[in-house]
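# Commentary on secondary and tertiary structure
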Amino acid sequence: MNRNKTVAFLVLLAVASLPAVSAATSVDVTISSVDVSPDRPVPGGEIEVTPTIENFDSSSAGYFVDRVRIVEANGGDDPDEYDDVKDIGTIPVGGSKTVPLTASFDEPGTYDLRVRVSGRETENDERTQLSYPFSVTVEQRQPQVDVDANDSAAGVRADGEVTVANSLGSPIENVELTLDGEDVTISNRRAVLATVDPNASRTVEFDYRADEPGTHSMTAELTYTTAGGVTDTVTDTVTVRTEEARPQLDVDTNGSIAGIESDGTVTVANGLGAAMTSAELTVSGDGVTVRNDRSVFTRIADGESATAGFEFQPAQAGEQELTATLTYSTRGGASRTVTETVTVDTDPLRDRVALDLSSREGGNAQTVSVSVLNQGNAPLSNVSVRANSPNASIGQALVDRVAPGDSRTVRLNASLSEDSATVDVTATYDVGDQRGETSASTALTQTPGTIGLTGMEVVPDRGRLRISGSASNLGTTDAESVLVSVVDTERVTPSAPNREFFVGTVPASDFVSFDVYATTRGNVSTVPLEVQYLVDGERHTRTIDVDTGGAGQAFGGGGGDPEPRNSGSGGGILLPAVVAGIVVLGVGAVVFRAWRNSRGGD
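Below is a short write-up of the structure.

Criteria and cut-off values
Residues numbered from 1 in each chain as written. Predicted model: local features only at pLDDT ≥ 70, side-chain atom pairs only at ≥ 80, totals over all residues. Heavy atoms only, no water. Pairing = 2+ DSSP bridges. Helix = DSSP H or I, 4+ residues; strand = E, 2+ residues; numbered from the N terminus. Axes fitted to C-alpha atoms, helices over the stretch in contact; angles between N-to-C directions. Buried < 20%, exposed > 50% of the residue type's maximum accessible area, 1.4 Å probe, protein only. Contact = heavy atoms within 4.5 Å. Polar contact = N/O pair within 3.5 Å; in protein donor to acceptor, adjacent residues only side chain to side chain. Patch = residues over 30% accessible without salt bridge, like charges linked within 9 Å, V, L, I, M, F, W, Y side chains within 5 Å. Areas by Shrake-Rupley, 256 points an atom, 1.4 Å probe, with all protein chains shown as cover. Salt bridge = Lys/Arg side-chain N within 4 Å of Asp/Glu carboxyl O. Lys, Arg positive; Asp, Glu negative; His and termini not counted. Charge placed at Lys NZ, Arg CZ, Asp CG, Glu CD. 1 Å grid on protein atoms, 1.4 Å probe; cavity = no way out; pocket = protein on both sides within 12 Å on 5 of 7 lines; lining within 4 Å. Points joined across faces, edges and corners; volume = space filled by probe spheres on them. Nonpolar A, V, L, I, M, F, W, Y, C, P; charged D, E, K, R; others polar.

All right, on to the sheet that holds strand S43 (residues 526-535) then. Strand order in the open sheet made by the four strands is S41-S39-S43-S44, with antiparallel pairing throughout. Pairing within the sheet leaves two strands with one partner each, and these edge strands are strand S41 (500-506) and strand S44 (538-547). The mean angle between the axes of side-by-side strands here comes to 20°, regardless of whether they run parallel or antiparallel. Bridge analysis of S43 against S44 gives 10 bridges, and the strand direction is antiparallel. Bridge pairing in S44 places Leu534 opposite Arg539.

Given below as structure tokens:
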């Protein structure tokens, strides 16, 4: 397409930095800077000029600003004046003040200007003049207009768009866009955009129709008003090529895989300017099997479209061609045929399936989780997951479909006949027109419930030993009817209140606390406890010697059998007697020492 565009000019701005200082002796005042905005002004645009006036600390008085002006730099005694602000106010010693002024220039060019300040001291009213030169360069710029239109077929509507970009430093207003074309009919040819902000863009869509084949030009004209009130126009022209009118065929196919059936569609768009009748659409391919390859449309009105679906299956990987053929009758009764051929890139079939196995250790009833991971590029169907083991009975599961890159998880219930079992899992599936299989293995183990005594503590308690602890299940199955009892021996006798303790059920990897009591005779280093429990209906009994940790020596002395009178309680009387004797001896020593001291003082 060819384009004719209006050239836009760059805008440059230059500001001189030449401060002016008062020559007065009692005040030290200056114009320290002049700021100009925007930095890229355009003709008619408003320019803001902001000088800063400073009264230095070295001044002896305040400075009252009577007047601030923007004037022509080389205008002599009577220069052109662009803005004038009066009675600004007083600037105290060490202070400063900014004064906003505005200017506008209708023509591009460089303008040499000055800021002039008139003021006086606040004490003796002595007047002072300040001046600061600067320059502004204004260059012509315009918004950008860009027309973009696709080539078309004669009598068939095509799309286009116009983009308006405002590169000016201020908004443009009263924006109106019109489109016209040579032997071209354009819809929505006029658009009003109102305002386009600086550095912003607006896009207007349109459609057009060329009734005759050949080349046609379309022109977009933009009319706008700048912030300074200047109205201007900019245009852009584009040339499009129009071919002989015929129905449009659009063949759309998804990515295909060798040996896998994929879906496709053909859309028939009638842009003939009149209805077409008796339309028959067929789809064929070389090395491609096509199903639902024929569709019939009685009538397709002008400007309307119809879509037909089909299925195709390439025999091998590589590039394959599909051809859509449309035969139809025109309004005059003539029969015409159009075709559209597309190339389909067919990927080879990748059959990659993996199994991810996991299980949680437990009793004889466990679960194997099987995730079927489809790492290939074709869907899996009719997936069957089964498992085998010589030491376990395991179920099976079915999965309907697994898409490429997806996974499906099933759980197989397993019943172990021994403490461990090796499980072989196999998944079979359909992919394309073939049957696939993959396998993986895992191991299942079980640890029967086993009761051990943990956290044991033996302490004297009123002439007895209190044995405390926890019945802990160290296995992966529950232990039931757990009973902890003190074993009656020559030196150890079960004692109230708990000669035995019924713990009940201890779940897998859990514990239950208990307390039992025993009476000992002589020095006893251990107390035997018997633990009974059921696992899977089988009774287990074990005896565990609990270390008394010295608590058993509190009830006897010297290692011989205690006297019968001390049985079960001798330790409880001996300790208070020893403590009482020590107290009596201590008191006697204190009394004797006091008596001697009193004798020495006589």
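There's more to say after this.
Another aspect to go through is unusual backbone geometry. Note the cis peptide between Ser37 and Pro38, where omega equals 0°. Within the secondary structure layout, Pro38 lies in the loop between strand S3 (29-37) and strand S4 (46-55). Here the bond from Ala496 into Pro497 is cis, since omega is 5°, no more than 30 degrees from zero. Among the structural elements, Pro497 can be located in the loop between strand S40 (492-495) and S41. The phi dihedral of Asn188 is positive, around 35°, even though this residue is not glycine. Within the secondary structure, Asn188 is located in the loop between strand S15 (184-186) and strand S16 (190-196). Relative accessible area serves as the criterion here: at 39%, Asn188 is assigned to the partly exposed category. With phi around 50°, Ser278 is a residue other than glycine that occupies positive phi space. Note that Ser278 resides in strand S23 (residues 276-285).

As a further point, take the environment of Ser256. Looking at the secondary structure, you find Ser256 in strand S21 (residues 256-257). By relative accessible area, Ser256 is classed as buried at 1%. Note: C-alpha distance between Ser256 and Gln320 (64 residues apart in sequence) is 9.8 Å. Discounting chain neighbours no more than four positions away, the residues touching Ser256 are Ser262, Phe312, Pro314, Val344, Asp345, Thr346 and Asp347. Polar side-chain contacts of Ser256 include one of 3.0 Å to the side chain of Thr346.

A contiguous patch of negative charge, built from Asp286, Glu319, Glu321, Asp345 and Asp347, is present on the exposed surface. Mapped by element, the contributors of at least two residues to the negative patch are strand S27 (318-329) and strand S28 (335-347). Within the secondary structure layout, Asp286 lies in the loop between S23 and strand S24 (288-291).

Further remarks concern empty space enclosed by the protein. One way to see where empty space is left: roll a probe the size of a water molecule over the atoms. With the rule as written, the count across this model stands at one cavity of 30 Å³ or more. Its volume calculated, the largest cavity comes out at about 40 Å³. Lining the largest cavity we find Val266, Leu281, Thr282, Val283, Asn292, Asp293, Arg294, Ser295, Ala308, Gly309 and Phe310. Where the lining of the largest cavity is concerned, the elements lending two or more residues are S23, strand S25 (294-300) and strand S26 (305-314). Per-class residue counts for the lining of the largest cavity are five nonpolar, four polar and two charged.

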